[in-house]
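# A look at the structure
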Amino acid sequence: MRVSKIVILSILMGYLLVSIAAAAEKDAKKPEAPPEAKPAANAASKEEKPQNPVAAVVNGTKISRKALDRELTMVTQRMNSQGQQIGQEQFDKVRSNVLNNMIDRELLYQDALKNGIKVDSKAVDAQLDKMKKNFPGDDEYRKALEMMNTSEADLKANITQGMVIQQLIESKVTPQIQITDAQNKEFYDTHPELFKKPEQVKASHILIKAEPSAAEADKAAARKKIEEVQAKLKKGEKFDALAKQYSECPSSEKGGDLGYFSRGQMVKPFEDTAYAMKPGDVSDIVTTQFGYHLIQVTDKKPESTTAYDETKTKIGNHLKQEKMIEGVNAYIQKLKADAKIEVLL
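Criteria and thresholds
Along every chain, residues carry numbers that run from 1 in the direction the sequence is written. Where totals are concerned, whole chains, interfaces and linings use all residues; where local detail is concerned, this predicted model gives features only for residues with pLDDT of at least 70, and gives and counts side-chain atom pairs only at 80 or more. As a rule here, side-chain values cover all heavy atoms of the structure and leave hydrogens and water aside. Any two strands are treated as partners once DSSP identifies two or more bridges connecting them. A run of H or I in DSSP becomes a helix once it reaches four residues, and a run of E becomes a strand once it reaches two; helices and strands are each numbered from the N terminus. The axes used here are C-alpha line fits, helices contributing only the stretch in contact, and every angle between their N-to-C directions lies in the interval 0 to 180 degrees. By definition, residues are in contact when any of their heavy atoms lie within 4.5 Å. Partly exposed describes any residue whose relative accessible area lies between the buried limit of under 20% and the exposed limit of over 50%, with all areas from a 1.4 Å probe on protein chains only and scaled to the type maximum. Here the arc refers to the set of directions running from the helix axis out to each C-beta atom. Multiplying 1.5 Å by the helix residue count minus one yields the expected span of that helix. What sets the label is the angle itself: under 35 degrees gives roughly parallel, over 145 gives roughly antiparallel, 65 to 115 gives roughly perpendicular, and the rest give oblique. For this scheme, ten residues count as nonpolar: Ala, Val, Leu, Ile, Met, Phe, Trp, Tyr, Cys and Pro. Four count as charged, namely Asp, Glu, Lys and Arg, and the remainder, Gly too, count as polar. Note on definitions: salt bridges are taken to be side-chain nitrogens of Lys or Arg within 4 Å of carboxyl oxygens of Asp or Glu.

## Describing the sheet that holds strand β9 (residues 341-343)
Taken in spatial order, the three strands of this open sheet run β2-β1-β9, and their pairing is antiparallel. Each edge of the open sheet carries a strand with a single partner, namely β2 (61-64) and β9. Neighbour-to-neighbour, the strand axes of this sheet turn through a mean angle of 20°, independent of strand direction. Each of β1 (54-58) and β2 touches helix α4 (residues 65-81); the most contacted strand, β2, lies at about 45° to it. Together, β1, β2 and β9 form the strand contacts of helix α5 (residues 88-114), whose direction differs from that of β1 by roughly 35°.

Next up, the structure:
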């Protein structure tokens, strides 16, 4: 998971806990993180065992070091699984960001309770049941909880906190957010690069596999087979029918249809051939790292720009999200002005 000071993400941490744990369970089966990432893990194991079990105190409420370690583990495991190298300096920043997010959540939670916001236990249980469905079974769910050094009670507390905070935001921040059509249009007009659609080609193919490392005899046999298919095409047999019968690509089930693709999505020999063709054309035999292909281009779309009316809803949602983040951060700053916060790291 990407660590940042965007508070809206931290608010949702409670909801994401089980999903992240499931990902951590999956990632545990992958090869070890690069050696460069190991010092951070070692540093964490040495550094995260001080005498004081409290990481911070927010208006008299303690945030335990155990809770901090739990969320920090989730974040660093996710970063490692994405190939990010975590040195000591970065580890310290990550830990600071995680703790700051926990403090922000606690401030919001306390304010929600002051405003009389509560959630029904049945709603919490329903959310928990929904999360459990991310796992193949109860054993995997329990194993993930154990891996993250947490319990179902802690998880339910996280869910409760998240749901309460969400209600606070919906009542205090969301009503203040209004995005006008003029703002949407201004964003559209000032970010034209975001709405360009590249030229696209729609093509089908027939593939006879031949690995580059295959024996010459095997390559020759594959070449002969694609030539036989090519001969059938020249006699007038239908491309899609031959693809279903002979192609060794999963697309054979759809008559070889690969759908639309833009430049950079296919291997270069395949792409160059397809883009040079006209709709209705069938290529000569094309050799790639996958084997031998016959390509049929069925349609082309020139470069274009998405019309404003097609994208204004997405623009509005994007601007609302940005305003939501700004609003929540501003709300937290007001809470901090009157709060007593002690960081004990």
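## With respect to the pairing of β1
Of all the five residues making up β1, five are buried; the element is thus mostly covered by neighbouring parts of the structure. Pairing between β1 and β2: four bridges, direction antiparallel. Counterpart to V58 in the pairing with β2 is T61. Two successive antiparallel strands, β1 and β2, enclose a turn made up of two residues, where N59 displays a positive phi of approximately 50°. Pairing between β1 and β9: three bridges, direction antiparallel. Residue pairing in the sheet places V57 in a bridge with E342 of β9.

## Side note on helix α7 (residues 138-147)
Of the residues making up α7, those classed as buried are Y141, A144 and L145. Projected onto a plane normal to the axis of α7, the buried residues spread over an arc of 100° and lie on a single side. For α7, exposure combined with an orientation more than 90 degrees from the buried face picks out D139 and E146. Where α7 ends, the next residue or the one after it, N149, has phi of about 55°, a positive value.

## What about α5?
In this model α5 runs 39 Å from its N-terminal to its C-terminal C-alpha over 27 residues, within 8% of the 39 Å that 1.5 Å per residue would give. Backbone geometry just downstream of α5 places G116 in the positive-phi region, at approximately 75°.

## Points about the packing of α5 against helix α13 (residues 308-337)
Two elements in contact, α5 and α13, have axes whose closest approach is 10 Å; the angle formed by their N-to-C orientations is 80°. Between α5 and α13, the angle falls in the class roughly perpendicular. Within the contact between the two elements, α5 uses D104, L107, L108 and D111 and α13 uses V328, Y331, I332, L335 and K336. Here the contact of α5 with α13 is composed, by residue class, of six nonpolar, no polar and three charged.

## Here's the deal with unusual backbone geometry
Phi angles above zero are rare outside glycine, and N59 is one such case at about 50°. Here N59 falls in the partly exposed class, since its relative accessible area comes to 35%.

## Comments concerning the pattern of salt bridges
This model, assessed by the stated rule, comprises 15 salt bridges. A salt bridge links D125 to K156, with the shortest nitrogen-to-oxygen separation between them at 3.0 Å. Taken together, the residues D125 in helix α6 (residues 121-132) and K156 in helix α8 (residues 152-172) connect sequence positions 31 residues apart. Exposure remark for D125: the relative accessible area of 31% places this residue in the partly exposed category. Two residues, E152 and K132, come together in a salt bridge whose shortest N-O distance is 3.3 Å.

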